[in-house]
Amino acid sequence: MTHALRTTCLLMLLVGLASPAAAQQTPAAGRIKLASGTVSIVRAGNQLPAKVGEVVLEADALRTGADGRLGVTLKDETRISLAPNSEIRVDRFLYAPSEGRLAFTMRILRGLAAYVSGRIARLAPDAVRLETPTAIVGVRGTRLVIRVDVP
Amino acid sequence: MTVKAFVIAALAILFASACGPRRVDTPAPVSRSLVVLLPDEGGGQGRATVSNQSGSVDLAAEHDATEVAMNQKPAPPRTFAKGDVNLLFGEVLTSLPAAPQRFVLYFQFDSDELTEEGRNLVPEILRTVGGRVVPEVDVVGHTDTTGTPQGNVQLGLKRAAVVRELLLRAGLDSSLIDVRSHGEADPLVRTADNVYEPRNRRVEVAVR
């Protein structure tokens, strides 16, 4: 192996090692504006306290206990609130209008949540998907509540 | 386990199930979703489509609702009474954060100089920031469709930087501000390409 080839291989290895770490730098999707009672963020399997001011990242789940309430505003001005005994997950949040890249997928796993559409729904209504265990909700700029009862 | 022990255990289970309380045929509990459409806070009315593999239902009027059981098509829409909406959902709706507030600042013709009306919005922007629990301020530059999309992203950034400077000078904490450009991709007034439109040459400040 020539010296140049060896250097190239080493560089490729380093890039390969570095990129997963770079991919983990998820930009904030939003922030918790209201929190009371038992509330938590579930991030990569870890349960963190959901304090006012805490950032919400893509792939985070938000969970409320029997006395918990949460209110979140996302970067595109989407707003979400959770009643007690509820759980949602922000599966996808992509807000880059200048590149035409817009997506928002939220899953309501159980309980009761309110949703007020933001800029993503205004710029690209089809890029918004609210999922429940039994249905998918598409929106045309709106405000709604979703209740999910699971056995 | 010996064969004998196994036979005894099997017989015991059979006996217990035959003589236990008779099973009543109630349907197994399944997941259900309820979607209720609400009027916009500004007074308008949006719409929603609720669908799955089995079917689809449109909700178009205030308090239209549908229920969807697992593997069933969404039920035909029914309309909730206003009192029921308040009773069932009033509390979760009060947990929604305050609506973001948006200010539009325009630029003078062919310039990165703000109009006086634009500059005069600054005190109100700062007051709004002061009233928020966890304030966040987006300063987003926009252009019309004259020029290239890439050039307009740059131009939008330049305009946003002017407004950022103005807000900093007025005393806003720089850590709250996020500066971006949407270029020509997010117009106030939709136009064809290469159309001069002063209403699209602007910076929008959104306070969340």
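None of the values given here were measured: they were computed from a predicted structure.

Novice: Help me out: how do you make sense of the pairing of strand β3 (residues 46-49) of chain A in this one?
Specialist: All names here are of chain A. As paired elements, strand β2 (residues 39-43) and β3 share four bridges and run antiparallel to each other. The residue of β3 that forms the bridge with I41 is L48. Where β2 folds back onto β3 in an antiparallel hairpin, the turn is made up of two residues, including A44, whose phi is positive at roughly 50°.

Novice: So what exactly am I meant to see when it comes to helix α5 (residues 149-169) of chain B here?
Specialist: The α-helix winds at 3.6 residues per turn, so residues separated by three or four positions along the chain end up facing the same way. Between its first and last C-alpha atoms α5(B) spans 31 Å; for 21 residues at 1.5 Å apiece the expected length is 30 Å, and the two agree. Contacts made by the buried residues of α5(B) are with β6 (101-106), α3 (116-119), α4 (122-130), β7 (137-142), β8 (177-183) and β9 (202-207) of chain B.

Novice: How do you make sense of the pairing of β9(B) when you look at a structure like this?
Specialist: Residue and element names in this part refer to chain B. Sheet analysis places β6 next to β9, joined by six bridges and oriented antiparallel. Paired with Q101 across the bridge in β9 is V207. Direction of pairing for β7 relative to β9: antiparallel, over a ladder of six bridges. The residue of β9 that forms the bridge with V139 is V205.

Novice: Is there a simple way to think about the interface of chain A and chain B in this case?
Specialist: You'll often see interface size given as the accessible area lost when the parts meet. Each partner contributes to the interface: chain A provides 43 residues, whereas chain B provides 42 residues. For the side of chain A that touches chain B, the secondary-structure elements that each account for two or more residues are β1 (28-36), β6 (69-74), β7 (79-82), β9 (101-116), β11 (136-140) and β12 (143-149) of chain A. Broken down by element, the residue count for the side of chain A that touches chain B peaks at seven residues, all from β12(A). Residue classes in the side of chain A that touches chain B are distributed as 22 nonpolar, twelve polar and nine charged.

Novice: Before we go on, may I ask you to explain the nonpolar core in this structure?
Specialist: Soluble globular proteins tend to bury their nonpolar side chains together. Counting residues in each nonpolar core, the largest one holds 54 residues, and the members touching the most others are A:L70, A:A113, A:L144, A:V145, A:I146, B:V35 and B:V36. Among the elements that take part in this core, β9(A) stands out by supplying nine residues, more than any other. Excluding residues that lie within four positions of it along the chain, A:L70 makes contacts with A:I32, A:L34, A:A35, A:V39, A:A50, A:L62, A:T64, A:S81, A:L82 and B:S95. With 17 residues, the next largest nonpolar core counts B:V140, B:V163, B:V203 and B:V207 among its residues.

Novice: Help me understand the sheet that holds β7(B), please; the structure alone is not making it clear to me.
Specialist: The strands making up a sheet are joined through hydrogen bonds of the backbone, oriented either antiparallel or parallel. Residue and element names in this part refer to chain B. Read across the sheet, four strands follow the order β6-β9-β7-β8 without closing on themselves; strand pairing throughout is mixed. Edge positions in the sheet fall to β6 and β8, since each has one partner strand and no second. Looking at each pair of strands side by side, their axes are set apart by 20° on average, direction ignored. Against the sheet, α4 makes contact with β6, β7 and β9, and its axis sits at roughly 25° relative to β9, the strand it touches most. Contacts from α5 reach β6, β7, β8 and β9 within the one sheet, and its direction differs from that of β8 by about 150°.

Reading the values: rules and limits
- For every chain, the first residue of the written sequence is number 1, and numbering continues from 1 along that sequence.
- Labels are handed out in written order, letters beginning with A for the chains and numbers beginning with 1 for the ligands.
- In keeping with the model being predicted, local features are shown solely for residues with a pLDDT of at least 70 and side-chain atom pairs are shown and tallied solely at 80 or more, while totals for entire chains, interfaces and linings include all residues.
- For two strands to be treated as a pair, DSSP must find at least two bridges joining them.
- Strands are runs of DSSP state E lasting at least 2 residues, helices are runs of H or I lasting at least 4, and numbering of each runs from the N terminus.
- By definition here, a helix of n residues has an expected span of 1.5 Å times n minus one.
- Once C-beta atoms have been placed from the backbone, residue pairs whose C-beta atoms lie within 7 Å are recorded as contacts.
- Residue polarity follows a fixed list, in which Ala, Val, Leu, Ile, Met, Phe, Trp, Tyr, Cys and Pro are nonpolar, Asp, Glu, Lys and Arg are charged, and the others, Gly among them, are polar.
- Nonpolar cores are identified as sets of buried Ala, Val, Leu, Ile, Met, Phe, Trp, Tyr and Cys residues joined via C-beta atoms within 7 Å.
- To assign burial, the other C-beta atoms lying within 10 Å of each residue's own C-beta are counted, with C-beta atoms placed from the backbone; 20 or more indicates buried, 12 or fewer indicates exposed, and intermediate counts indicate partly exposed.
- Note on geometry: axes are C-alpha line fits, over the in-contact stretch for helices, and angles between N-to-C directions span 0 to 180 degrees.

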